[in-house]
Amino acid sequence: MKRHLLSAADLTRDDAELVLRTAEELRSLADRPIKKLPALRGRTVVNLFFEDSTRTRISFEAAAKRLSADVINFSAKGSSLSKGESLKDTALTLEAMGADAVVVRHGASGAPHRLAHSGWVRSSVVNAGDGTHEHPTQALLDAFTMWRHLGSLDGRRVAIVGDVLHSRVARSNALLLHTLGAEVTLVAPPTLFPVGIDTWGVETSYDLDAVLPKADVVMMLRVQRERMNASFFPTAREYSRRYGLDGKRMRTLQDHTIVMHPGPMVRGMEITADVADSDRSVIVEQVTNGVAVRMAVLYLLLSGAEGVAGADESE
Ligand code: CP
């Protein structure tokens, strides 16, 4: 793997499969009474979050701690950013604290790239979500969840449904799933597709009911109203009627098809509660898998190793 993980496009098929295999080894730790490995003892991971997060921040923290790294959590709220401090000065402060990896979430697309290529920090930079651009570790944990349920993703049909325009998850998933051989169809109303979608190497559709019966995986996306500066079209009610996954639509899926959502989800909008809580839903499993995948990413970036030394040596 490269020194930084900024985009799903940074991952070759070999890289991605190495992360998935490593995550599988590390996932078994969760079943042990003591869940820690000494693999990153003495290393420091900084979680640098300029935007809100529940799953990503907590799972990176859990992942780093399970590998015995020291963790520093930085949240923009309550920091000196409110006094006008720049990204550069924040980065130099982290560097002075000896960070080995900086996990960064930022509202501006490209902020992690700026950090990685600026020379301000010597550490590895991991993109934990930048604006509407990318969220590569979410794509890895989603691919890992699919892989555990379906085996090889070659030729598997994945429908990603909803607000593609504002979704960094959709873009990273489209890139990574293409690398892993899956066939991706993005489903959205015409107003929620970005310009240039034809360059993503995926199919697109406005018709959810036509796509669902063929899908092996259905991934629902939240409508990101906070990123829209006007009321979005169609209306919430019309959106749910045409693009929401409810019990009736779920019954048109193949028996083996799984339902995913990266979170946070709005029950009753893009997915009904009965679907989110159904046997097909692997939404909670995605969160569990997020810890193993982020352990794998931190381990591979910081150790440079290709296997998990000490996996049989929990402390
Ligand atoms: N999936 C995801 O990025 O969730 P959070 O915003 O809670 O981290």
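Just so it is clear, the structure is predicted and the values come from calculations on it, not from any experiment.

## Examining helix 2 (residues 55-66)
Reasoning step 1: Given a rise of 1.5 Å per residue, 12 residues ought to cover 16 Å, and the 16 Å separating the end C-alpha atoms of helix 2 matches this to within 8%.
Reasoning step 2: Looking only at helix 2, the buried set comprises Thr56, Ser59, Phe60, Glu61, Ala63 and Ala64.
Reasoning step 3: Of the surrounding elements, those touching the buried residues of helix 2 are strand 1 (44-49), strand 2 (70-75), strand 3 (101-106), strand 4 (124-130), helix 5 (136-150) and helix 11 (283-303).
Reasoning step 4: A positive backbone phi angle near 70° is found at Ser68, which sits one or two residues after helix 2.

## Remarks on the packing of aromatic side chains
Reasoning step 1: Summed over the entire model, instances satisfying the criterion amount to 4 aromatic pairs.
Reasoning step 2: With a centroid separation of 5.8 Å and 55° between ring planes, the pair formed by Phe50 and Phe74 is classed as tilted. Placement of the pair is Phe50 in the loop between strand 1 and helix 2 and Phe74 in strand 2, with a sequence separation of 24 residues. With respect to burial, Phe50 and Phe74 carry one shared label: buried.
Reasoning step 3: With centroids separated by 5.9 Å and ring planes inclined at 35°, the aromatic side chains of Phe144 and Trp147 adopt a geometry described as tilted. Placement of both Phe144 and Trp147 in helix 5 is noted, with a separation of 3 residues, approximately one turn of the helix.
Reasoning step 4: On the basis of relative accessibility, which here comes to 28%, the residue Trp147 falls in the partly exposed class.

## Side note on the pairing of strand 2
Reasoning step 1: Looking at chain direction, strand 1 and strand 2 are connected through 6 bridges and run parallel. Of the residues in strand 2, the one forming a bridge with Val46 is Ile72.
Reasoning step 2: As a crossover connection, the stretch from strand 1 through helix 2 into strand 2 is right-handed.

## Digging into the sheet that holds strand 8 (residues 217-220)
Within a beta sheet, neighbouring strands are joined by backbone hydrogen bonds and run either parallel or antiparallel to one another.
Reasoning step 1: The strand order across the open sheet formed by 5 strands is 7-6-5-8-9, and the pairing between neighbours is parallel. The open sheet has two edge strands, strand 7 (203-205) and strand 9 (258-260), and neither has a second partner. Here the average twist between neighbouring strands, direction ignored, is 20°.
Reasoning step 2: Looking at chain direction, strand 5 (residues 157-161) and strand 8 are connected through 4 bridges and run parallel. Its bridge partner lying in strand 8, Val158 is registered against Val217.
Reasoning step 3: Its contacts with the sheet put helix 6 (residues 168-179) on strand 5, strand 6 (183-187) and strand 8, and the angle it makes with strand 5 is roughly 170°.

## Overview of the domain arrangement of the protein chain
Reasoning step 1: Annotation of the protein chain at the domain level lists domain 1 (8-134 + 287-303) and domain 2 (136-284).
Reasoning step 2: In this complex, domain 1 contributes 34 residues to the contact, which on the side of domain 2 involves 28 residues.
Reasoning step 3: For the pairing of domain 1 and domain 2, the buried interface totals around 2600 Å² over both sides, and the portion due to carbon and sulfur atoms is 60%.
Reasoning step 4: Per-residue buried area on domain 1 facing domain 2 is highest for Arg13, Leu20 and Thr132; these three make up 24% of the total on that side.
Reasoning step 5: Joining domain 1 to domain 2, the criterion identifies 3 salt bridges.

## Details of the site of the ligand
Reasoning step 1: Surveying the vicinity of the ligand reveals the residues Ser53, Thr54, Arg55, Thr56, Arg105, His135, Gln138, Pro262 and Gly263.
Reasoning step 2: Within the contact set of the ligand, a nitrogen atom lies 3.0 Å away from a side-chain nitrogen or oxygen of Gln138.
Reasoning step 3: Compared with its free state, where it exposes 260 Å², the ligand has 93% of that area covered by protein.
Reasoning step 4: Judged by its atoms lying within 2 Å of the grid points, the ligand is housed in the largest pocket.
Reasoning step 5: The residue inventory of the shell around the ligand, partitioned by class, reads 1 nonpolar, 6 polar and 2 charged.
Reasoning step 6: Each of domain 1 (8-134 + 287-303) and domain 2 (136-284) contributes no fewer than three residues to the shell around the ligand.

## Some words on the pairing of strand 5
Reasoning step 1: A large share of strand 5 lies buried, amounting to 4 of its 5 residues.
Reasoning step 2: As paired strands, strand 5 and strand 6 are joined by 5 bridges and run parallel to one another. Opposite Ile160, over in strand 6, you have Leu186 as the bridge partner.
Reasoning step 3: Viewed along the sheet, the connection from strand 5 through helix 6 into strand 6 turns out right-handed.

What counts and how
- Residues numbered from 1 in each chain as written.
- Predicted model: local features only at pLDDT ≥ 70, side-chain atom pairs only at ≥ 80, totals over all residues.
- Heavy atoms only, no water.
- Helix = DSSP H or I, 4+ residues; strand = E, 2+ residues; numbered from the N terminus.
- Expected span 1.5 Å × (residues − 1).
- Buried < 20%, exposed > 50% of the residue type's maximum accessible area, 1.4 Å probe, protein only.
- Contact = heavy atoms within 4.5 Å.
- Phe/Tyr/Trp six-rings, centres within 6.5 Å; stacked < 30°, edge-to-face > 60°.
- Pairing = 2+ DSSP bridges.
- Right-handed = clockwise from strand over helix to strand, strands pointing away.
- Axes fitted to C-alpha atoms, helices over the stretch in contact; angles between N-to-C directions.
- Domains from an automatic or database assignment.
- Buried area = accessible area lost by both parts, 1.4 Å probe.
- Salt bridge = Lys/Arg side-chain N within 4 Å of Asp/Glu carboxyl O.
- Near = heavy atom within 4 Å.
- Polar contact = N/O pair within 3.5 Å; in protein donor to acceptor, adjacent residues only side chain to side chain.
- Areas by Shrake-Rupley, 256 points an atom, 1.4 Å probe, with all protein chains shown as cover.
- 1 Å grid on protein atoms, 1.4 Å probe; cavity = no way out; pocket = protein on both sides within 12 Å on 5 of 7 lines; lining within 4 Å.
- Sits in = over half its atoms within 2 Å of the grid points.
- Nonpolar A, V, L, I, M, F, W, Y, C, P; charged D, E, K, R; others polar.

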